[in-house]
Amino acid sequence: MIKVLVVHGPNLNLLGKREPSIYGTKSLKAINKDISSLASELNINANIVQLNSEGEILDIIQKADYDALIINPAAYTHTSVAIRDAIAAVNKPAIEVHLSNIHKREEFRRKSFIAEVAHGQISGFGPESYLLALRAVRSILPKQ
Ligand code: DQA
């Protein structure tokens, strides 16, 4: 079974209440339920975490046991050379995910430090972005 680590970055624990006109009204718990059920359909073992601090994100990227990473680095997308370097260091396929289309928003959100080290980026489909990412993992990893 393919092991996928799903990392939700800072402030995503507030989904549902946080700026619903941008991020929607679905809670993180509900989003995670949908991720888990599609994962089992696709025969993927998904380990899902939400972390607010950059250091904890680095630790899990470095230490967890997984075949592919799905990460919404949230605000760290636009600031974190450290997360970028951790993804490059572990050398496992990473899919960068955003609920909103970061290219359609403020100028500062258009720069992603993660994009250069990601296999690809899925941005702008709301919670569906995570489900598309699971399907992307299935398509890039050999059948297991
Ligand atoms: C986000 C976009 C980021 O710019 C923002 O800081 C977030 C969420 C998204 O999922 O659309 O926290 O990653």
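Bear in mind the structure is a predicted one, so any value in this text is a computation, not a measurement. (Residues numbered from 1 in each chain as written. Predicted model: local features only at pLDDT ≥ 70, side-chain atom pairs only at ≥ 80, totals over all residues. Heavy atoms only, no water.)

## Looking at the side chain of Arg109
For Arg109, the position within the fold is in the loop between strand E4 (94-98) and strand E5 (120-123). Judged by relative accessible area, Arg109 falls into the buried class, the value being 15%. Of note is the side chain of Arg109, whose polar atom sits 2.7 Å from the side chain of Glu106. Among all residues touching Arg109, those that are not within four sequence positions of it are Tyr23, His78 and Ile102. (Helix = DSSP H or I, 4+ residues; strand = E, 2+ residues; numbered from the N terminus. Buried < 20%, exposed > 50% of the residue type's maximum accessible area, 1.4 Å probe, protein only. Polar contact = N/O pair within 3.5 Å; in protein donor to acceptor, adjacent residues only side chain to side chain. Contact = heavy atoms within 4.5 Å.)

## Quick notes on the site of the ligand
Every residue near the ligand is listed here: Arg18, Tyr23, Asn72, Ala74, Ala75, His78, His98, Leu99, Ser100, Ile102, Arg105 and Arg109. Within the backbone of Ala75, an N or O atom sits 3.2 Å from an oxygen atom of the ligand. Interatomic distance of 2.7 Å between a side-chain N/O atom of His78 and an oxygen atom of the ligand. Surface burial for the ligand is 99%, taken as the share of its 320 Å² of free accessible area covered by protein chains. (Near = heavy atom within 4 Å. Areas by Shrake-Rupley, 256 points an atom, 1.4 Å probe, with all protein chains shown as cover.)

## Some words on the sheet that holds E4
Pairing within the open sheet is parallel, and its 5 strands lie in the order E2-E1-E3-E4-E5. Sheet topology places strand E2 (44-50) and E5 at the edges, where each strand pairs with a single neighbour. Neighbour to neighbour, the strand axes of the sheet diverge by 20° on average, direction disregarded. For strand E3 (residues 68-72) and E4, the ladder comprises 3 bridges, and the chain directions are parallel. Of the residues in E4, the one forming a bridge with Ile71 is Glu96. Here helix H5 (residues 128-140) sits on the sheet and contacts strand E1 (2-8), E2, E3, E4 and E5; the angle it forms with E4, its principal contact strand, is near 165°. (Pairing = 2+ DSSP bridges. Axes fitted to C-alpha atoms, helices over the stretch in contact; angles between N-to-C directions.)

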